[in-house]
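Chains, contacts and geometry: an overview
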Amino acid sequence: MKLGIVGLPNVGKSTLFNSLTKAGAESANYPFCTIDPNVGVVAVPDERLDKLTELYNSAKTTPAVIEFVDIAGLVKGASKGEGLGNQFLANIREVDAIVHVVRCFEDTNVIHVDGSVDPLRDIETINLELIFSDVEILERRIAKTTRGARNDKMLAKELDFQQRMKAFLEDGNLAIKYEIDDEDEQAWMAEYNLLTAKPVIFAANVSEEDLADDGASNPHVAAVRKYAAENNSEVFVISAEIEQEIAELDDDEKQMFLEDLGIKESGLDKLIKASYSLLGLISYLTAGETETRAWTITKGTKAPQAAGKIHSDFERGFICAEVVSYDDLMACGSYKDAKEKGLVGLQGKDYVVKDGDVILFRFNV
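Residues numbered from 1 in each chain as written. Predicted model: local features only at pLDDT ≥ 70, side-chain atom pairs only at ≥ 80, totals over all residues. Heavy atoms only, no water.

**A look at the overall build of the protein**
Applicable threshold: The way it works is that DSSP assigns letters per residue, a run of H or I at least four long becomes a helix, a run of E at least two long becomes a strand, and they are numbered from the N terminus. Between two residues, a contact is recorded if the distance between any of their heavy atoms is within 4.5 Å.
Helix and strand counts for the protein stand at 14 helices and 12 strands. Taking as baseline every contact in the protein between residues at least 6 positions apart, the subset at least 24 positions apart corresponds to 69%.

**Some points on the packing of helix α4 (residues 119-149) against helix α7 (residues 219-230)**
Axis angle and axis distance: for two packed helices, these are the angle between their axes and the distance between the axes, and together they describe the pair. We apply this condition: Between the N-to-C directions of two axes lies an angle of 0 to 180 degrees, each axis being a line fitted to C-alpha atoms and, for a helix, fitted only over the stretch in contact. Should an angle fall under 35 degrees it is called roughly parallel, over 145 degrees roughly antiparallel, and 65 to 115 degrees roughly perpendicular, with every other angle called oblique. Amino acids outside the nonpolar list (Ala, Val, Leu, Ile, Met, Phe, Trp, Tyr, Cys, Pro) and the charged list (Asp, Glu, Lys, Arg) are all regarded as polar, and Gly is one of them.
With their axes 9 Å apart at the nearest point, α4 and α7 run at an angle of 45° to one another. One element, α4, and the other, α7, form an angle in the oblique class. Between α4 and α7, the residues in contact are Pro 119, Leu 120, Ile 123 and Asn 127 and His 220, Ala 223, Val 224 and Tyr 227, respectively. Tallied by class, residues from the contact of α4 with α7 come to 6 nonpolar, 2 polar and no charged.

**Topic: the packing of aromatic side chains**
Quick reminder of the rule: Put simply, two rings from Phe, Tyr or Trp (the six-membered ring, in Trp's case) pair if the centres are within 6.5 Å, and we call them stacked under 30 degrees between planes, edge-to-face over 60, tilted for the rest. Whether a residue is buried, partly exposed or exposed follows from its accessible area with a 1.4 Å probe, protein chains only, as a fraction of its type maximum: under 20%, in between, or over 50%, in that order.
A full pass over the atoms with the stated rule returns 9 aromatic pairs. When the ring of Phe 161 is compared with that of Trp 188, the centres are 6.1 Å apart and the planes differ by 35°; the resulting orientation is tilted. Highlighted residues: Phe 161 in helix α5 (residues 153-170) and Trp 188 in helix α6 (residues 183-192), separated in sequence by 27 residues. Across the pair, Trp 188 and Phe 161 agree in class, each one buried. Measuring from ring centre to ring centre gives 5.9 Å for Tyr 284 and Phe 361, while their planes differ by 85°; the resulting arrangement is edge-to-face. Taken as a pair, Tyr 284 in strand β8 (residues 281-286) and Phe 361 in strand β12 (residues 357-363) lie far apart in primary sequence, 77 residues in all. For Phe 361, a relative accessible area of 8% corresponds to the buried category. An aromatic cluster of at least three residues, connected via ring pairs, comprises Phe 161, Phe 168, Tyr 178, Trp 188 and Tyr 192.

**Topic: helix α1 (residues 13-21)**
The element α1 is extensively covered by neighbouring structure, given that 9 of its 9 residues are classed as buried. For α1, the full list of buried residues reads Lys 13, Ser 14, Thr 15, Leu 16, Phe 17, Asn 18, Ser 19, Leu 20 and Thr 21.

**Focus on the pattern of salt bridges**
Keep this limit in mind: Every case where a carboxyl oxygen of Asp or Glu lies within 4 Å of a side-chain nitrogen of Lys or Arg is listed as a salt bridge.
Scanning the entire structure with this criterion turns up 23 salt bridges. Between Lys 339 and Glu 322 there is a salt bridge whose closest N-O contact spans 3.8 Å. Of this pair, Lys 339 sits in helix α14 (residues 335-340) while Glu 322 sits in strand β10 (residues 318-325), and the two are 17 residues apart along the sequence. Residue Lys 339 is classed as partly exposed on the basis of its relative accessible area of 45%.

**Regarding the packing of helix α8 (residues 240-247) against helix α9 (residues 251-261)**
So the rule is basically this: Definitions for this section: a left-handed crossing has its near helix turned counterclockwise from the far helix by less than a right angle. A right-handed crossing has that turn clockwise.
Between α8 and α9, the least distance of the axes is 9 Å, while the angle of their chain directions is 150°. The orientation of α8 with respect to α9, classified from their angle, is roughly antiparallel. The handedness of the crossing between α8 and α9 is right-handed. Along its contact with α8, which presents Ile 242, Glu 245 and Ile 246, the element α9 presents Lys 254, Phe 257, Leu 258 and Leu 261. When grouped by side-chain class, the residues that make up the contact of α8 with α9 number 5 nonpolar, no polar and 2 charged.

**Overview of unusual backbone geometry**
For Asn 57, which is not glycine, the phi dihedral falls at a positive 55°. The phi dihedral of Asp 214 is positive, around 55°, even though this residue is not glycine. Here Asp 214 lies in the loop between β6 (200-205) and α7.

**Quick look at the nonpolar core**
What counts here: The criterion is simple. A nonpolar core is a set of buried Ala, Val, Leu, Ile, Met, Phe, Trp, Tyr and Cys residues joined through side-chain atoms within 4.5 Å.
Counting 83 residues, the largest nonpolar core has Phe 68, Ile 92, Phe 161, Met 165, Leu 194, Phe 202 and Leu 271 as its most contacted members. In terms of residue count, the dominant contributor to this core is α4 (7 residues). Discounting residues that sit within four places of it in the chain, Phe 202 has contacts with His 100, Val 102, Ile 123, Val 224, Tyr 227, Ala 228, Ser 233, Glu 234, Val 235 and Phe 236. Listed in part, the 15 residues of the second largest apolar core include Ile 282, Ala 303, Phe 314 and Ile 359.

**Details of the confidence of the model for the protein**
Basically, it comes down to this: For every residue, the predictor states its confidence as a pLDDT score lying anywhere from 0 to 100.
The predicted model of the protein averages 86 in pLDDT, with 88% of residues at 70 or higher. Every residue in residues 24-35 is under pLDDT 50, and counting partners more than four places away or in other chains gives 34 contacts. Scored below 50 in pLDDT, residues 81-85 makes 9 contacts in the model with residues more than four places away or belonging to other chains.

Here it is as structure tokens:
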């Protein structure tokens, strides 16, 4: 999973990136201190892996990972090259979802590029830049498609779709809101990789004081939550500064620090939950002496396709899957006991994999 972190300058974007990935992107109180997109890979915390590693005495433990791309602060006119504009918008096209960091804290020591804190205005600024960039992409596509549409029915159909989509965006709408039933149009939409077609998670960046009640008393956070609910987006509340402090601690100290602040989970944990929920993802597990590993798949994935995540041969030569739920396996204390109690099922090609399934695939190529 690849997430792009965007936002206006000085909203806490690079501070959050640093704390999530400990990658050390330069963070300073002025726009454009992030000149190149910074990339960091983060392991998805999953205590099930630790327990399975212990149970199987695995030589290696491999968690699922999330790749974060930190994009330089966008400003009005970014799509036209203002600031450092377009080169950053190109980097966002490669991600699965956008994490939009929105400033919800007041601090006279940290300048705001528009002079005041107004998260909805900030969201609108970023959205317009993404829309402008998408319109530019469609204009280039339309110019190319027009040349062949006169003698090709399929190209003529695609041209009509491109023009309708462009008009929809020019009315100030996000592509993700465009309803598509036609299979051809769905395929074209996926191919265009429009920025505004990507799902969004809003990171409401608050002061330490607002963290304990999860931003409940902060009117800026309330505004972001209302906007997200109306736009099928996820929201999580963080304090980028606190996240930076947490990032410096080891696991035991981290837990104590969170408890002292009255917080149940870190910003990274919140972000991972929001990402999995928004993108409809789950993890299944494989375990043995060689390796215990988490594999990320989309909800509704059937066993052969889940096996294909490991290797294409597993999918091509799929015979069956031996499946036991993680909870059943841990309750029994061993795979052998779980099998004797009838808790290990032999599943065929139509089995839909569930979160926490521990699976052994049988295949023959």
